[in-house]
Amino acid sequence: MEKLIISEQDIINALCVYIARKKQVKPEEVEVELMYDDDYGFSAEAYVHDRKQVLITKNIIEALRLWLDEFLHRDPFAGIELVLDDIEGIIAVIK
């Protein structure tokens, strides 16, 4: 089976939907910033009504599983690898 690449924007979209459901707001009310740190790896900051929530890699993967299942109709338990790409930014490779 071929690899699927999820773009940085789609990762952000997945996180917006994920946080919106947890906070019971519309996805449009969520702002997300993806980050990478050599020491801590991948993370994100989500803002809902000026309140910040820090998300770790596990949360990002959980959001991507939701995105794969509900929006892409793919196996949500496929292997997901977050990658820092020099050109594309932070992407997810689905195996």
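Keep in mind that what you see is a predicted model, and the values were worked out from it rather than measured.

1. Here we look at helix α1 (residues 8-23)
Spanning 16 residues, α1 covers 22 Å between terminal C-alpha atoms, matching the ideal 22 Å at 1.5 Å per step. Among the residues of α1, Ile 11, Ile 12, Ala 14, Leu 15, Cys 16, Val 17, Tyr 18, Ile 19 and Ala 20 are the ones counted as buried. At the exit of α1 stands Gln 24, carrying a positive phi of roughly 55°.

2. Quick look at the sheet that holds strand β4 (residues 51-56)
Sheet architecture is open: three strands sit in the order β2-β3-β4, paired in antiparallel fashion. Because the sheet does not close on itself, it has two edges, and the strands there are β2 (30-37) and β4. Each neighbouring strand pair of the sheet contributes to a mean axis angle of 20°, computed without reference to strand direction. Direction of pairing for β2 relative to strand β3 (residues 41-48): antiparallel, over a ladder of eight bridges. Bridged to Tyr 36 within β3 is Phe 42. Sheet strands touched by α1: β2, β3 and β4. Its angle to β2, the strand with the most contacts, is close to 125°.

3. Comments concerning the sheet that holds strand β5 (residues 80-85)
Each strand in a sheet pairs with its neighbour through backbone hydrogen bonds, running either in the same direction (parallel) or in the opposite one (antiparallel). Pairing in this open sheet of three strands is antiparallel, and the strands run β1-β6-β5 from one edge to the other. Each edge of the sheet is formed by a strand with only one pairing partner; in this case those strands are β1 (4-6) and β5. Going across the sheet, the axis of each strand differs from the next one's by a mean of 30°, ignoring polarity. In this sheet, strand β6 (residues 89-94) lies alongside β1 in antiparallel orientation, the contact comprising three bridges. Paired with Leu 4 across the bridge in β6 is Ile 94. Against the sheet, α1 contacts β1, β5 and β6, and its axis sits at roughly 80° relative to β6. Packing against the sheet, helix α2 (residues 57-70) makes contact with β1, β5 and β6, and its axis sits at approximately 115° to β5.

4. Notes on the packing of α1 against α2
For the pair α1 and α2, the least separation of the axes is 8 Å and the interaxial angle reads 95°. As judged from the angle between their axes, α1 and α2 are roughly perpendicular. Contacts between α1 and α2 involve Asp 10, Ile 11, Asn 13, Ala 14, Leu 15, Val 17, Tyr 18, Arg 21 and Lys 22 from the former and Asn 59, Ile 60, Glu 62, Ala 63, Leu 64, Leu 66, Trp 67 and Glu 70 from the latter. Across the contact of α1 with α2, the residue classes break down as 10 nonpolar, two polar and five charged.

5. Topic: α2
In a regular helix each residue adds 1.5 Å, so 14 residues correspond to 20 Å; α2 covers 20 Å between its end C-alpha atoms and thus fits that length. Three or more residues of α2 are buried, namely Asn 59, Ile 60, Ile 61, Ala 63, Leu 64, Leu 66, Trp 67 and Leu 68.

6. Topic: the packing of aromatic side chains
One pair of aromatic rings is described through two measures. These are the centre distance and the angle between the planes. With the rule as written, the count across this model stands at two aromatic pairs. Centroid distance Tyr 36 to Phe 42: 4.8 Å. Interplanar angle 55°. Geometry classified as tilted. Residue classification places Tyr 36 among the partly exposed residues on the basis of a relative accessible area of 36%. Overall, the relative accessible area of 13% leaves Phe 42 in the buried class. Their ring planes at 20° and their centres at 4.5 Å tell us that Trp 67 and Phe 71 sit as a pair that is stacked. Overall, the relative accessible area of 39% leaves Phe 71 in the partly exposed class.

Thresholds applied
- Residues numbered from 1 in each chain as written.
- Predicted model: local features only at pLDDT ≥ 70, side-chain atom pairs only at ≥ 80, totals over all residues.
- Heavy atoms only, no water.
- Helix = DSSP H or I, 4+ residues; strand = E, 2+ residues; numbered from the N terminus.
- Expected span 1.5 Å × (residues − 1).
- Buried < 20%, exposed > 50% of the residue type's maximum accessible area, 1.4 Å probe, protein only.
- Pairing = 2+ DSSP bridges.
- Axes fitted to C-alpha atoms, helices over the stretch in contact; angles between N-to-C directions.
- Contact = heavy atoms within 4.5 Å.
- Parallel < 35°, antiparallel > 145°, perpendicular 65-115°, else oblique.
- Nonpolar A, V, L, I, M, F, W, Y, C, P; charged D, E, K, R; others polar.
- Phe/Tyr/Trp six-rings, centres within 6.5 Å; stacked < 30°, edge-to-face > 60°.

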